[in-house]
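Read off the chains here:
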Amino acid sequence: MLLKDKNAVIYGGGGAIGGAVARVFAREGARVFIAGRTQPKLDAVAHEVAATGGKIETAQVDALDQEAVEKHADAVAETAGGIDIALNAVSVMHDQGTTLADLSLAEFMRPVDGFLRTLFITSKAVARHMGGTRPGVILTLSEPGAKLAIGGILGHSVSAAGKEAFSRVLAAELAPDNIRVVCIRPHAIADAPAAGSYTKDLFRPSAAAAGLSVDDMLSGGLAQGTLLKRLPTLSETAETAAFLASDRAGAMTGTVANLSAGALVD
């Protein structure tokens with residue numbers, strides 16, 4: 001069991017990625033604490049994990065509320081004796097497809113402010129309960145937009161690049177405290193829309209403009225643009241997260257795990 005006796009906090013734990021990671025973390029022996037804004041989604045994940053004998057607890061927390069996040073992290077650390085792993089899988093709806101001439105400042109800033117604000121808040125809250133004699137790991141999520149040069153993704157691209165830069169610099173700051181920081185960069189995840197991901201609504205306008213369904217867009221152009229001619233899955237993302245969070249990946253920090261199926265070649 002990769003994560004036996006580890007305490008893991010997942011923000012956005014009721015979402016498609018957060019839920020998938022929670023299930024794998026619990027299977028690998030972690031005590032999982034999932035936080036999010038929508039209690040029924042958290043309860044659904046918790047029910048699945050508990051049904052397989054996993055240890056999981058839920059909390060309704062807005063990851064953009066610094067005071068609430070810090071209070072929750074403090075409570076988890078007090079209950080569990082510390083925090084070993086944290087993953088931010090919070091989603092922020094944003095625009096994709098609108099170019100500069102028609103893009104408003106508010107729409108440009110929505111993902112930049114939203115994603116980076118929650119990443120700062122959650123990282124700051126958990127870091128003080130990590131490290132020392134027990135190695136700590138902070139996992140973040142970005143997207144291929146961090147490096148792609150295509151039109152219509154200004155806000156998305158800047159926010160993705162910002163998340164990778166944040167992770168890299170945070171790794172340098174926290175390394176002396178025995179805390180690793182690793183960013184995971186999946187492409188659009190093939191089965192995420194069917195699992196309730198916000199990407200179903202995110203991709204719908206672009207798919208409709210091309211006369212396609214979201215599923216057809218994912219399996220067609222996006223998948224064919226990768227080296228493997230397919231997109232990553234929720235299972236692959238979650239399994240990778242479990243490995244990166246484990247002591248087996250103990251030499252990895254300040255880097256990006258590229259799960260883009262070859263959409264990007266680093």
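Everything below is about the structure printed above this text.
Described below are features of the structure shown in this document. Just so we're clear, the structure is a prediction, and the values are computed from it rather than from any experiment.

**A word on the nonpolar core**
And then number 1: Ranked by internal contacts, the top residues of the largest apolar core, which has 37 residues, are Ile10, Phe25, Val32, Ile34, Ile56 and Leu139.
And then number 2: If one sorts the elements of this core by residue count, helix α1 (residues 16–27) sits on top with seven residues.
And then number 3: Residue contacts for isoleucine 10: discarding those within four places in its chain leaves Gly18, Val21, Ala22, Phe25, Val32, Phe33, Ile34, Ala35 and Leu87.
And then number 4: Judged by nonpolar contacts, the second largest core, of 26 residues, contains Val9, Ala63, Val126 and Met130.

**Structural notes on the pairing of strand β3 (residues 55–60)**
And then number 1: By the bridge criterion, six bridges tie strand β2 (residues 31–36) to β3 in an arrangement that is parallel. The partner of glycine 36 across the bridge, within β3, is glutamine 60.
And then number 2: Following the chain from β2 across helix α2 (residues 39–51) to the adjacent parallel β3, one finds a crossover that is right-handed.

**Brief notes about a nonpolar patch on the surface**
And then number 1: A cluster of nonpolar side chains, namely Leu227, Leu228 and Val265, defines an oily patch on the protein surface of about 340 Å² accessible area.
And then number 2: Assignment of secondary structure puts valine 265 in the segment after β7 (255–259).
And then number 3: Take valine 265: its relative accessible area is 65%, and that puts it in the exposed class.

**A short note on the environment of glycine 151**
And then number 1: Structurally, glycine 151 is set in the loop between β5 (136–141) and α5 (154–174).
And then number 2: The spacing of glycine 151 and threonine 99 is 52 residues in sequence and 6.3 Å in space, taken between C-alpha atoms.

**Let's talk about unusual backbone geometry**
And then number 1: Even without a glycine there, the phi angle at aspartate 5 is positive, about 70 degrees.
And then number 2: Of note, aspartate 5 is situated in the segment before β1 (7–11).
And then number 3: What makes aspartate 5 exposed here is its relative accessible area of 56%.
And then number 4: Even without being glycine, asparagine 178 reaches a positive phi, approximately 65 degrees.
And then number 5: The residue asparagine 178 is located in the loop between α5 and β6 (179–186) in this model.
And then number 6: When its relative accessible area of 34% is taken as the criterion, asparagine 178 is described as partly exposed.

**Overview of the packing of aromatic side chains**
And then number 1: Evaluation of the coordinates by the stated rule reveals zero aromatic pairs.
And then number 2: Taking the ring centre of phenylalanine 115 as reference, the NZ or CZ of lysine 163 above it sits at 3.8 Å.

About the cut-offs
Residues numbered from 1 in each chain as written. Predicted model: local features only at pLDDT ≥ 70, side-chain atom pairs only at ≥ 80, totals over all residues. Heavy atoms only, no water. Core = buried A, V, L, I, M, F, W, Y, C linked by side-chain atoms within 4.5 Å. Buried < 20%, exposed > 50% of the residue type's maximum accessible area, 1.4 Å probe, protein only. Helix = DSSP H or I, 4+ residues; strand = E, 2+ residues; numbered from the N terminus. Contact = heavy atoms within 4.5 Å. Pairing = 2+ DSSP bridges. Right-handed = clockwise from strand over helix to strand, strands pointing away. Patch = residues over 30% accessible without salt bridge, like charges linked within 9 Å, V, L, I, M, F, W, Y side chains within 5 Å. Areas by Shrake-Rupley, 256 points an atom, 1.4 Å probe, with all protein chains shown as cover. Salt bridge = Lys/Arg side-chain N within 4 Å of Asp/Glu carboxyl O. Phe/Tyr/Trp six-rings, centres within 6.5 Å; stacked < 30°, edge-to-face > 60°. Lys NZ or Arg CZ within 6 Å of the ring centre and 35° of its normal.

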